[in-house]
Amino acid sequence: MSRKYLWQICHKKEFDNKRLAKDIVEMLRRQGITVKQAADDLDMTVWRAHNWYHKNTGMTALDLLRMIQKYDFIRQAVADSLLAEEG
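The structure contained in this document is the topic of the report that follows. Note that this is a predicted model, so its numbers are computed, not measured.

**Here's the deal with the overall build of the protein**
- On a plain count of helices and strands, the protein comes out with six helices and zero strands.
- When the helices and strands of the protein are read in sequence order from the N terminus, they spell out α-α-α-α-α-α.
- Expressed as a percentage of the 87 residues in the protein, the buried residues total 24%.
- For the protein, the share of sequence-separated contacts (at least 6 apart) that also reach a separation of at least 24 residues comes to 54%.
- Working note: accessible area of the protein is about 6,600 Å², and carbon and sulfur atoms make up 54% of it.

This is the structure in C-alpha cells:
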C-alpha cells in the first residue's frame, strides 16, 4: 500500500466536528434548552454557545465533556454511539 493512498484513508472525514455540533444542538433543542440556559449550565459565555448553536461552528472537546457531565441525554447518546461502533 502506497504512502499516498494510506494518507487518503487516514484523512478521510466521514463525521466532522461541525456535524457533531449540529446533532447535539438538535438534541438540545428537542429538550427545550436555549442558548442562554446551555451557556449557564456549562459555565461558558453566551457568545461561545451561540456560535455552535446558531452558526454551525464546531464545538470544542471541553464543551462536549461539559455537556456529557451536565446532561444525561447527551451522555446516553454518546454511550449508545460508542456501543454501536464496537458492535
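**Focus on the packing of aromatic side chains**
- The tally for this structure, following the rule as stated, stands at two aromatic pairs.
- Here the aromatic rings of W52 and Y53 are separated by 6.1 Å at their centres, their planes lie at 45 degrees, and the arrangement is tilted. Each member of the pair, W52 as well as Y53, is classed as buried.
- Between Y71 and F73, the aromatic rings sit 5.5 Å apart at their centres with planes inclined by 35 degrees, giving tilted as the arrangement.
- Its relative accessible area of 6% is what places Y71 among the buried residues.

**Some remarks on the nonpolar core**
- If you look at the biggest cluster of nonpolar residues, it comprises 19 residues, and the most contacted ones within it are I24, L28, W52, M59, M67 and Y71.
- At the level of secondary structure, the elements contributing two or more residues to this core comprise helix 2 (17–30), helix 3 (35–42), helix 4 (46–54) and helix 5 (61–70).
- Take this core: its biggest share by element is five residues, from helix 2.
- Once you skip the residues sitting within four places of it in the chain, L28 turns out to touch I33, W52, Y53, M67, Y71 and F73.

**Quick word on the packing of helix 3 against helix 4**
- At their nearest, the axes of helix 3 and helix 4 sit 9 Å apart, and the two run at 125 degrees to each other. In this view, helix 3 runs oblique relative to helix 4, as classed from their interaxial angle. Read as a crossing pair, helix 3 and helix 4 show a hand that is right-handed. Of the residues in helix 4, those in contact with V35, K36, A39 and L42 of helix 3 are V46, A49, H50, W52, Y53 and H54.
- Residues belonging to the contact of helix 3 with helix 4 are distributed by class as follows: seven nonpolar, two polar and one charged.

**Things to note about unusual backbone geometry**
- At D43, a position not held by glycine, the phi torsion is positive, near 55 degrees.
- Inspection of the secondary structure assignment puts D43 in the loop between helix 3 and helix 4.

What counts, and at which threshold
The numbering scheme is per chain: residues are counted from 1 as the chain's sequence reads. Given that the model is predicted, a residue must reach a pLDDT of at least 70 before its local features are reported, and side-chain atom pairs must reach 80 or more before they are shown or counted; all residues, however, enter totals for whole chains, interfaces and linings. In computing side-chain values, all of the structure's heavy atoms are included and hydrogens and water are not. Secondary structure counts use DSSP, requiring at least four H or I residues in a row for a helix and at least two E residues in a row for a strand, with both numbered from the N terminus. Throughout this description, buried means an accessible area under 20% of the type-specific maximum (1.4 Å probe, protein chains only), exposed means over 50%, and partly exposed covers the range between. Contact between two residues is taken to exist if any of their heavy atoms lie within 4.5 Å; hydrogens are not considered. Residue exposure ignores everything except the shown protein chains as possible cover, and the areas themselves are Shrake-Rupley values with a 1.4 Å probe. Two rings belonging to Phe, Tyr or Trp (six-membered ring only in the last case) form a pair when the distance between their centres is within 6.5 Å. Interplanar angles under 30 degrees mark stacking, angles over 60 mark edge-to-face geometry, and anything in between is tilted. As used here, the term nonpolar core means buried Ala, Val, Leu, Ile, Met, Phe, Trp, Tyr and Cys residues forming a set that is joined through side-chain atoms within 4.5 Å. Here an angle of 0 to 180 degrees is reported between the N-to-C directions of two axes, which are lines fitted to C-alpha atoms, with helices fitted over the stretch in contact. We call two directions roughly parallel when the angle between them is under 35 degrees, roughly antiparallel when it is over 145, roughly perpendicular when it lies between 65 and 115, and oblique otherwise. Helix crossings get a hand from a simple test, with the near helix turned counterclockwise from the far one by less than a right angle marking a left-handed crossing and a clockwise turn marking a right-handed one. Gly counts as polar in this scheme, as do all residues outside two lists: the nonpolar Ala, Val, Leu, Ile, Met, Phe, Trp, Tyr, Cys and Pro, and the charged Asp, Glu, Lys and Arg.

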